[in-house]
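Descriptive analysis of the structure
So you can see what is in the structure, the chains are spelled out below.
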Amino acid sequence: MHISGKHATIANGDIRFVITQVLRRRLGLEELSVRLFDTGFSGAVSALCSHKDLDQVVIKAGPSEDIEREHANRLDYVGEDPWLREHGLEGIHGPMEIDFDSRRVRWSAIVYRYIGGRTFTELAHFGDFEKFLNEYLWDADRDAAPADDSVSECFRETAKILGKERQLGGSAQARPLSDFVPPVPWESGVSAVISTAQSFCPELDELRGFMEWWEHWIAQVTVAPVLDDRQLHGDARFANIIVDRVHSTVEIIDFANGRHGHVFEDFARFELDLLFKAVPKVEGTDEIDRARLLQIVSYLLKDELNLGSEPVEDRSLKCLKLWRQAMAQALSLILQPGALVMYRWFLLRECLRRTLWTNVDKPALIYVICALRQRLSGQSVLDFSLVSTAPQTLVSTLNCRAVYVPTRGSESLVNKARNDAKKAALAVDRERISTVRLMAETGYSYLCTRGEFRSEVRSLLEQGGSFRAVIYNPLLPEYLGLSASYDRIEDWQYGRSEVLKQKTMESIRGYGLLREEFPQRIELRLARFGFDATVLLTSETLFYEPYFRTPRLERERYLFDSFELEFGASGAHSGRLLDETFDFVWRNSDDVSILDTDADALKRVSRSFADLWSHDGDR
């Protein structure tokens, strides 16, 4: 016997002993190959056994009471497997004593037929439902992905298995909803998770007093719309449903959690797996796209079981529609009056239970919990304000890499961070010998000999790169408005700020020096119209800082008092907008020589504009 893999707490010698007790009467063990599976949540041993004289089987061993319960659940749920009886592998094997975690324990074992490929080619045909659904939703090769009909058939098979009437019990007498919805493990951590989420998201009113709301509202339903009591699988997650994608068939495994209960419990567990797997991730991350989550949850919580009659092309929504159609066909109970609302209580209870899991997207789960509470509280339309999708939209749609927002006391640090990012971007273009473009009020930081980025611009030009900049024309009316942000005006006496004028002229002089040295690589133009942001465009990174008419002397004091966005240049939407904006401003601009050649005409335009509000007309 050859064993590959290792159990965390059981020696391979004891595993060899267990397998020997199960198979010794059936075949010789010298040529037996054993591969240990991951232990999962139970700590039991699961091993795939292969031998030339026997089809592959899975042996599952664990504490005798657990194995006896799982075996009974399996018989109640799917019945006896004739193949196991034919080969003498039915029933429970044991008990037997082994060493577990440095102590002697009594274990037993049961055998399952292996569900999966027998050849290398067949291996790709089988997988759990998550693998199957991922291929349908996200496989770039649509020809290789499962077809709609195959997905629909697998949903029908799954719903048929979960909805089969097994070991029906109970009476036809009216009973309250609380008799059917399993208790929420509040004290085991659910209350703590909800309270923590509420402290982090105080704007989510749906999280306030959640346990009290649950107990009050569920107690109001004194007559449950749908009575049911049957043998459940108890853990109808994607991982326990195996799909043969070639034949569109499904098999369910792992009956350790089987019990009696309401059939909605199994359906709710499967549907929540479907919901979260159907939501795409933010590109380049493992984070759920919350904007799409809202759309999908809103679609799922429609008051129509079949989710409307209109066709859908979006594969995520199509999955939910196909599943609900299969559910309606296999489970007539869900068509009864009030059944859909009752089913949502099971969905919410399953969500609350999953807050204790470690491998879930907790924020997404919290948002679904809030949405379900809204619907169960009587809201017919979901309030989308419960989720802020702004951060993910900036990242996924606009390719926003960073946002620089100073708060009082942090201005210097935030200003340094954004300046460092710009210097790094300019350094990249220096090595690439690229063209850098700038829109700015004065261009002081880039062109003045004392400017923050002057050395980076000069280095770019020395390396062979080029620099194109457009700034405000100091002789046009827009400059008067900008000046008013620097100097408080009295009686509408508009004029040019001396501080602003000095910055502009120092930039122009700095440009002149660079122009003498690099005549073909740098160009400065003056805009004919105003613009509302400083924009720096490099080959890899785009920077956008909007203008506000706040007191500019405050800005001089604090260095940075607004905010700035940094985008990746590959962002199609943001890149196109900023490119087109720069091109417009550049086309509608003039060479700086216009300040000499047309100074009088420009001053007349500016003076005429100011005189519209001037009391004395001196300007």
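Since the model is a prediction, treat every value here as computed from it, not as a measurement. (Residues numbered from 1 in each chain as written. Predicted model: local features only at pLDDT ≥ 70, side-chain atom pairs only at ≥ 80, totals over all residues. Heavy atoms only, no water.)

Our focus in this paragraph is the overall build of the protein chain. Looking only at helices and strands, the protein chain has 23 helices and 19 strands in total. For 619 residues, the compact-globule formula gives about 25 Å, and the C-alpha radius of gyration of the protein chain, at 35 Å, lies well above that figure. Projected onto its principal axes, the C-alpha coordinates of the protein chain cover approximately 110 × 60 × 50 Å. Across the 619 residues in the protein chain, those meeting the buried criterion constitute 50%. (Helix = DSSP H or I, 4+ residues; strand = E, 2+ residues; numbered from the N terminus. Rg over C-alpha atoms; globule rule 2.2 N^0.38 Å. Buried < 20%, exposed > 50% of the residue type's maximum accessible area, 1.4 Å probe, protein only.)

The next thing to look at is the sheet that holds strand 16 (residues 533-537). Ordered in space as 12-18-17-16-13-14-15-19, the eight strands form an open sheet in which the pairing is mixed. Each having just a single partner strand, strand 12 (400-404) and strand 19 (589-591) make up the two edges of the open sheet. Averaged over all neighbouring strand pairs, the angle between strand axes comes to 15°, with direction disregarded. Two strands pair when backbone bridges link them, and strand 14 (residues 466-472) and strand 15 (residues 522-527) are joined in this way by six bridges, in the parallel orientation. For Tyr472, the partnering residue across the bridge sits in strand 15 and is Ala527. Along the sheet, helix 17 (residues 454-463) makes contact with strand 13 (435-440), strand 14 and strand 15, crossing strand 14 at roughly 140°. Its contacts with the sheet place helix 19 (residues 498-517) against strand 14 and strand 15, and it is angled at close to 150° to strand 15. (Pairing = 2+ DSSP bridges. Axes fitted to C-alpha atoms, helices over the stretch in contact; angles between N-to-C directions. Contact = heavy atoms within 4.5 Å.)

So, on to the packing of helix 15 (residues 411-432) against helix 17. One way to put it is that helix 15 packs onto helix 17 with a least axis distance of 9 Å and a crossing angle of 10°. With respect to their mutual orientation, helix 15 and helix 17 come out roughly parallel. Here helix 15 contributes Lys423, Leu426, Asp429 and Arg430 to the contact with helix 17, which in turn contributes Glu456, Ser459, Leu460 and Gln463. Residue composition of the contact of helix 15 with helix 17, grouped by class: two nonpolar, two polar and four charged. (Parallel < 35°, antiparallel > 145°, perpendicular 65-115°, else oblique. Nonpolar A, V, L, I, M, F, W, Y, C, P; charged D, E, K, R; others polar.)

Moving on to the sheet that holds strand 10 (residues 249-252). Taken in spatial order, the three strands of this open sheet run 7-9-10, and their pairing is antiparallel. What marks the edges here is a single partner per strand, and that holds for strand 7 (126-128) and strand 10. Across the sheet, the mean angle from the axis of one strand to that of its neighbour is 25°, orientation sign disregarded. By the bridge criterion, four bridges tie strand 9 (residues 241-244) to strand 10 in an arrangement that is antiparallel. Across the sheet, the residue bridging to Ile242 is Glu251, located in strand 10.

Quick look at the environment of Arg450 now. Mapped onto the secondary structure, Arg450 falls in the loop between helix 16 (444-447) and helix 17. It is 8.9 Å that separates the C-alpha atoms of Arg450 and Gly510, two residues lying 60 residues apart in sequence. When near neighbours in sequence (up to four residues on either side) are disregarded, Arg450 contacts Tyr444 and Glu506.

The end-to-end C-alpha distance of helix 19 is 29 Å, a good match for the 28 Å that 20 residues give at a rise of 1.5 Å each. For helix 19, the complete set of buried residues consists of Leu500, Lys503, Thr504, Glu506, Ser507, Ile508, Gly510, Tyr511 and Leu514. Capping the start of helix 19 is the job of one residue whose side-chain oxygen sits 3.3 Å from the backbone nitrogen of Val499: Ser497. (Expected span 1.5 Å × (residues − 1). Polar contact = N/O pair within 3.5 Å; in protein donor to acceptor, adjacent residues only side chain to side chain.)

All right, on to the pairing of strand 9 then. Side-chain alternation along strand 9 places Ile241 and Val243 on one buried face and Ile242 and Asp244 on a second face that is also buried. As paired strands, strand 7 and strand 9 are joined by three bridges and run antiparallel to one another. Each bridged residue has a counterpart across the sheet, and for Phe126 the counterpart in strand 9 is Asp244. Joining the antiparallel neighbours strand 9 and strand 10 is a turn of four residues, in which Ser248 adopts a positive phi near 55°.

Before going further, it helps to examine a positive patch on the surface. Together, Arg496, Lys603, Arg604 and Arg607 make up a region of like positive charge exposed at the surface. As for its placement among the helices and strands, Arg604 is situated in helix 23 (residues 599-611). (Patch = residues over 30% accessible without salt bridge, like charges linked within 9 Å, V, L, I, M, F, W, Y side chains within 5 Å. Areas by Shrake-Rupley, 256 points an atom, 1.4 Å probe, with all protein chains shown as cover. Salt bridge = Lys/Arg side-chain N within 4 Å of Asp/Glu carboxyl O. Lys, Arg positive; Asp, Glu negative; His and termini not counted. Charge placed at Lys NZ, Arg CZ, Asp CG, Glu CD.)

Formed by 94 residues in total, the largest nonpolar core has its most connected members in Phe129, Phe155, Trp214, Phe264 and Leu352. Excluding residues within four positions of it along the chain, Phe264 makes contact with Val226, Leu331, Ile334, Ala339, Met342, Tyr343 and Phe346. Among the nonpolar cores identified, the runner-up in size contains 55 residues, and Leu438, Tyr479, Leu514 and Val535 belong to it. (Core = buried A, V, L, I, M, F, W, Y, C linked by side-chain atoms within 4.5 Å.)

Turning to unusual backbone geometry, a few remarks are in order. The step from Gly94 to Pro95 runs through a cis peptide bond, and the omega angle for that step is 5°. Along the chain, Pro95 turns up in strand 5 (residues 93-100). Of note in this structure, Asp254 is not a glycine but carries a positive phi near 65°. Mapped onto the fold, Asp254 is located in the loop between strand 10 and strand 11 (259-261).

Checked against the element boundaries, Ser46 lands in strand 3 (residues 45-51). With residues up to four places along the chain from it excluded, the contact list for Ser46 reads Arg35, Leu36, Phe37, Ile59 and Lys60.

This part takes up the packing of aromatic side chains. Enumeration according to the criterion identifies 27 aromatic pairs in this entry. Ring centres of Tyr112 and Phe255 lie 6.4 Å apart, and the angle between their planes is 15°; this geometry places the pair in the stacked category. With Tyr112 in strand 6 (residues 103-113) and Phe255 in the loop between strand 10 and strand 11, the pair connects residues that are 143 residues apart, well separated along the chain. Here Tyr112 and Phe255 have matching classes, each one buried. An angle of 45° between the planes, with centres 4.6 Å apart, marks the rings of Phe270 and Trp323 as tilted. Within this pair, whereas Phe270 is found in helix 9 (residues 264-278), its partner Trp323 is found in helix 11 (residues 315-330), the two being separated by 53 residues in sequence. Accessibility classification places Phe270 together with Trp323 in one group, the buried group. Every member of this aromatic cluster is reached through a ring pair, and the members are Phe129, Phe132, Phe155, Phe238, Phe267, Phe270 and Trp323. The ring of Tyr112 has Arg74 lying over it, and the distance from NZ or CZ to the ring centre is 4.4 Å. (Phe/Tyr/Trp six-rings, centres within 6.5 Å; stacked < 30°, edge-to-face > 60°. Lys NZ or Arg CZ within 6 Å of the ring centre and 35° of its normal.)

This paragraph deals with the pattern of salt bridges. Pairing of side chains with opposite charge becomes possible as their charged atoms draw close. Under the definition given, this model contains 42 salt bridges. Notably, a salt bridge pairs Glu564 with Lys422, separated by 3.1 Å at the nearest N-O pair. Here Lys422 lies in helix 15 and Glu564 lies in strand 18 (residues 564-568), a separation of 142 residues in the sequence. Neither residue differs from the other here; Glu564 and Lys422 are each classed as buried. The residue Arg432 makes a salt bridge to Glu540 at a minimum N-O spacing of 2.7 Å.

Before going further, it helps to examine a nonpolar patch on the surface. A cluster of nonpolar side chains, contributed by Trp492, Phe609, Leu612 and Trp613, occupies part of the molecular surface with about 450 Å² of accessible area. Mapping Leu612 onto the fold places it in the segment after helix 23.

This part is about helix 5 (residues 129-138). Inspection of helix 5 places Phe129, Phe132, Leu133, Glu135, Tyr136 and Leu137 among the buried residues, and these make up the whole buried set. Next to the buried residues of helix 5 lie strand 7, helix 6 (148-163), strand 9, strand 10, helix 9 and helix 11.

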